[in-house]
Amino acid sequence: MTRRAVALGVAQLGLMGVVGWRMKQLQIDQADEFRLLAEENRINMRLIPPARGLIVDRTGLPLAVNEPIYRIVIVREAAGDPEEALARLSAVMPLTPEEVARSLEEMRRVASFVPVTVRDRVGWDDVARVTANAPALPGITAEVGLSRLYPNGADTAHVVGYVGPVSDFDLSQMESPDPLFRIPKFPIGKTGVEARLEDDLRGRAGTMRIEVNAVGRVMRELDRVEGTKGKDVQLTVDAALQAYVEARMEGESAAAVVMDCETGDLLAVGNAPSFDPNLFVRGISVADWQALNENKYRPLANKVVQGAYPPGSTFKMITALAALEAGVIRPEDTVRCPGFTVVSGTRFHCWRSGGHGNVNFHDSLKVSCDCYYYEIGQRVGIDAIAAMARKLGVGVRPDVPMSAVAEGIAPDRAWKQNVRGESWRVGDTVNASIGQGYVLATPLQLAIMTARLATGRAIQPRLVKSIDGVEQPVTGGEPLGLNENWLRRTRASMYDVCNHERGTAFGSRIVAEGMRMAGKTGTSQVRRITPEERARGVISNSQLPWERRDHALWVNYAPYDNPRFAVAVVVEHGGGGSSAAAPIGRDITLQALYGGFPPLEAYPPNRREEAAKRQETIRARMGGHAPPPPVDRV
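Residues numbered from 1 in each chain as written. Predicted model: local features only at pLDDT ≥ 70, side-chain atom pairs only at ≥ 80, totals over all residues. Heavy atoms only, no water.

Glancing now at the overall build of the protein. Along its length, the protein carries 25 helices and 23 strands. Over its C-alpha atoms the protein spans a radius of gyration of 34 Å, topping by over 25% the 26 Å that the globule rule assigns to 634 residues. C-alpha atoms of the protein, sized along the principal axes, occupy 135 × 70 × 50 Å. Sequence separation of at least 24 residues holds for 71% of the intrachain contacts in the protein that already meet a minimum separation of 6. A total of about 29800 Å² of accessible surface is found on the protein, and carbon and sulfur atoms cover 51% of it. Mean positive and mean negative side-chain charge positions of the protein (76 and 74 charges, respectively) differ by 3 Å. (Helix = DSSP H or I, 4+ residues; strand = E, 2+ residues; numbered from the N terminus. Rg over C-alpha atoms; globule rule 2.2 N^0.38 Å. Contact = heavy atoms within 4.5 Å. Areas by Shrake-Rupley, 256 points an atom, 1.4 Å probe, with all protein chains shown as cover. Lys, Arg positive; Asp, Glu negative; His and termini not counted. Charge placed at Lys NZ, Arg CZ, Asp CG, Glu CD.)

Further remarks concern the packing of helix α17 (residues 370-380) against helix α20 (residues 426-433). One way to put it is that α17 packs onto α20 with a least axis distance of 8 Å and a crossing angle of 125 degrees. Between α17 and α20, the angle is such that the two are oblique. For the element pair α17 and α20, the recorded crossing hand is right-handed. Judged by residue contacts, Tyr 373, Tyr 374, Gly 377 and Gln 378 of α17 engage Val 426, Thr 429, Val 430 and Ser 433 from α20. Taken together, the residues that form the contact of α17 with α20 break down as four nonpolar, four polar and no charged. (Axes fitted to C-alpha atoms, helices over the stretch in contact; angles between N-to-C directions. Parallel < 35°, antiparallel > 145°, perpendicular 65-115°, else oblique. Left-handed = near helix turned anticlockwise from the far one by under 90°. Nonpolar A, V, L, I, M, F, W, Y, C, P; charged D, E, K, R; others polar.)

Below, the discussion takes up the pairing of strand β12 (residues 266-272). For β12, a buried count of seven out of seven residues is recorded, marking the element as mostly surrounded by other parts of the structure. Bridging between strand β11 (residues 254-260) and β12 involves six bridges; their strand directions are antiparallel. Each residue of the ladder has a partner; that of Met 259, found in β12, is Leu 266. Between β11 and the antiparallel strand that follows it, β12, lie five residues; Gly 264 among them carries a positive phi value of about 80 degrees. (Buried < 20%, exposed > 50% of the residue type's maximum accessible area, 1.4 Å probe, protein only. Pairing = 2+ DSSP bridges.)

Taking 1.5 Å of rise per residue, the 16 residues of helix α22 (residues 484-499) would be expected to cover 22 Å, and the 22 Å separating its terminal C-alpha atoms lies within 8% of that figure. The inward-facing, buried residues of α22 contact α15 (316-326), α16 (361-366), α21 (443-455), β21 (518-524) and β22 (551-558). For α22, the capping residue at the N-terminal end is Asn 483, with a side-chain oxygen 2.7 Å from the backbone nitrogen of Asn 485. (Expected span 1.5 Å × (residues − 1). Polar contact = N/O pair within 3.5 Å; in protein donor to acceptor, adjacent residues only side chain to side chain.)

Attention now moves to the packing of helix α11 (residues 239-248) against helix α25 (residues 608-622). Relative orientation of the contacting elements α11 and α25 amounts to 120 degrees, with a least axis distance of 10 Å. Judged by the angle between their axes, α11 and α25 are oblique. Of the two possible hands of crossing, α11 and α25 adopt the one that is right-handed. Across from Ala 240, Ala 243, Tyr 244, Glu 246, Ala 247 and Arg 248 in α11, the residues of α25 making contact are Arg 614, Ile 618, Arg 621 and Met 622. Partitioned by chemical class, the residues of the contact of α11 with α25 number six nonpolar, no polar and four charged.

Counting 97 residues, the largest nonpolar core has Ile 55, Leu 235, Leu 266, Ile 318, Tyr 372 and Leu 392 as the members making the most contacts within it. Ignoring sequence-local partners within four residues, the contact set of Leu 235 consists of Ile 55, Val 56, Asp 57, Arg 58, Leu 63, Val 159, Val 160, Val 193, Leu 463, Val 464 and Lys 465. Within the second largest apolar cluster, 40 residues are counted, among which are Ala 243, Leu 267, Val 497 and Tyr 603. (Core = buried A, V, L, I, M, F, W, Y, C linked by side-chain atoms within 4.5 Å.)

Let's shift gears to the environment of Tyr 560. For Tyr 560, the location among the structural elements is in the loop between β22 and β23 (565-571). The partly exposed category is assigned to Tyr 560, whose relative accessible area is 24%. Separated by 191 residues in sequence, Tyr 560 and Cys 369 place their C-alpha atoms 23 Å apart. In contact with Tyr 560, other than residues within four places in its own chain, are Arg 491, Ala 492, Tyr 495, Arg 516 and Ala 518.

Once that is clear, we can look at the pattern of salt bridges. Between side chains of opposite charge, pairing is possible as soon as their charged atoms come close. Summed over the entire model, instances satisfying the criterion amount to 44 salt bridges. When the shortest N-O distance is used, the salt bridge between Glu 226 and Arg 224 registers 3.6 Å. Here Arg 224 falls in the partly exposed class, since its relative accessible area comes to 38%. One salt bridge in this structure joins Arg 457 and Glu 262, with 3.5 Å as the shortest N-O distance. Here Arg 457 is found in strand β17 (residues 457-459), whereas its partner Glu 262 is found in the loop between β11 and β12, with 195 residues between them in sequence. The exposure class assigned to Glu 262 is exposed, which follows from its relative accessible area of 55%. Three or more residues joined by partner-sharing salt bridges are found here, namely Arg 52, Arg 148, Asp 178, Glu 194, Glu 198, Asp 199 and Arg 202. (Salt bridge = Lys/Arg side-chain N within 4 Å of Asp/Glu carboxyl O.)

With that settled, the discussion passes to helix α5 (residues 97-109). Over its 13 residues, α5 runs 19 Å from end to end, which matches the ideal 18 Å to within 8%, given 1.5 Å per residue. Listed as buried for α5 are Glu 99, Ser 103, Leu 104 and Met 107. Along the axis of α5, the buried residues cluster in a sector spanning 125 degrees; they form a single face. Turned more than 90 degrees off the buried face of α5, the exposed positions are Pro 97, Glu 98, Arg 108 and Arg 109. Turning to α5, the residues buried within the fold contact β3 (62-74), α3 (76-79), α4 (82-92) and β4 (116-122). (Arc of directions from axis to C-beta.)

A word on the sheet that holds β12. Across the sheet, five strands lie side by side as β12-β11-β23-β22-β21; this open sheet has antiparallel pairing. The open sheet is flanked by β12 and β21, the only strands paired with a single partner. The average undirected angle you get between the axes of adjacent strands in this sheet is 5 degrees. When β22 meets β23, the two strands line up antiparallel, connected through seven bridges. Its bridge partner lying in β23, Trp 554 is registered against Val 569. Packed on one face of the sheet, α21 meets β11, β12, β22 and β23 and runs near 145 degrees to β23.

We now examine the pairing of strand β14 (residues 340-343). Burial of β14 is one-sided: the residues Thr 341 and Val 343 facing one way are buried, the residues Phe 340 and Val 342 facing the other way are not. Note that β14 and strand β15 (residues 346-349) share four bridges and pair antiparallel. The residue of β15 that forms the bridge with Phe 340 is His 349.

The next subject is the environment of Pro 179. Relative to the helices and strands, Pro 179 is located in the loop between α8 (168-172) and β7 (187-189). Note: C-alpha distance between Pro 179 and Arg 204 (25 residues apart in sequence) is 9.7 Å.

Another aspect to go through is the side chain of Glu 572. Residue placement: Glu 572 occurs in the loop between β23 and α24 (577-594). What makes Glu 572 buried here is its relative accessible area of 5%. If we skip the residues at most four places from it in the chain, Glu 572 touches Ser 253, Arg 298, Lys 303, Tyr 309, Trp 546 and His 551.

Residues at a pLDDT of 70 or more form 93% of the protein, whose mean pLDDT is 90. Here residues 624-634 is a poorly scored stretch, pLDDT under 50, and it has 26 contacts once near neighbours within four places are set aside; other chains count. (pLDDT = per-residue confidence, 0-100.)

And the structure:
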């Protein structure tokens, strides 16, 4: 062997060694890395949307469920000429020109292997026709999916809310959006419980491994892991009582709340008029949206928690308790009511132009004398009144899972300085003492106030009873720390509002033994009455345009001796609280007490014929008080 042959052999051995080392590195040391890269070119992961959790009422009646829906889809590469394919489909299932044009436009915009929906939410007959004619309709198939359904429709729209396709705005409000939101038209809660409990209701995505070719076409499914269904939510609402409340307020722009005095459970949260949430799930039309949005009665607003109204005379219990607790008045002290009070040269009028004469604490609530509260409000001052209002729930945002919950206003000196940049005036106190001026409260806050007056405890509202079977805690309930004697006297005065012949709600009383209620009427002005109008005679609400009429308010609890339910009613521009709101509150209270339509003997004799006709009308509207038809729960 020559020296040259040895050198060449060594070089060859070195080269083979380097090649072997590199092969070992690629095939053994880095095998997992390159296998992953190859798999990523060949295998795609797709998300499987989970079934959304159910929402049911306190008895288990479904309020929001998932229904199977069918859609007809076309894949252009399998169908051939799109126009001819759609023509063949039209012979089986008639299509509108708009559907054809939209489908053709969408097929031009997407890859040939991407399915395009021709028609969504088709009936079983259409599915059967397309399936039966499958050999003549290549590339056209029927698919099944899930969609949200609200069996109670408008009755629970403002409580449950509705879902809709996730939008760019929705995504902009999230710090780390769920990967599920990448799925086109994935449903997300927009309002109500659907929105506030979105994380619980949505569930967790499943995954599907699919094999695709170089251009992204799906070749086969390799593996599937199903997702986790969303959690079921049980509300405190009683669907039957809720349906009655909605029916009782029909024709009004109104809100009503029924609250359990022991637990704070919200048994009914009624808004009138309401809307069908199913319209939004299916894609609301322009005409339907305009009809809802332009309705002066504001059907889309949840007036129970969003509507902040001057509480009027329903606020007088707060002013009275503030004065009693501060010791600036005693229950037996009287105030002279000549029909007006002069403060700083300005006349503040009582609702009764001729006045009430000498009025003590008990009678001041019974006959709702404004001048009494003008006087004691000045004595105790606005800061004490505001503190009492917040203790009873006014001016404090309730913690409930509904949309746009208002805080209300319990104004004091600091509030006006901070918000208005002005000093507080004595006239402001006079207005606030009867629930006017800057004071604002929602119907829910008025129900909370009433429950606290009835029990002397800091009752907190509860809307969610359980999540996936786990009972949600009842919060609050500790003593308010108010003088029990003053509370008893306040309750006795509220009892006479309903049950004394001079009481402002005597015509709306309950006469059944053991069912009698205690309450308070309220009327809040939405316009200023000028001195000239008073001189000519105040124009009655019935002669004014609807938008300029007074709001009508009512609060009550029952039974008087053993409080079970607190009720608050607001009728926008309804006129007087005693004529418009109190009868509604009385009927709702009886429905709650009896668990259904009450016997006519519970009404005063002169109201029974009217009550019988009203019950007949509401029964017809509710379908004989029968529960909704059964719905398959998915």
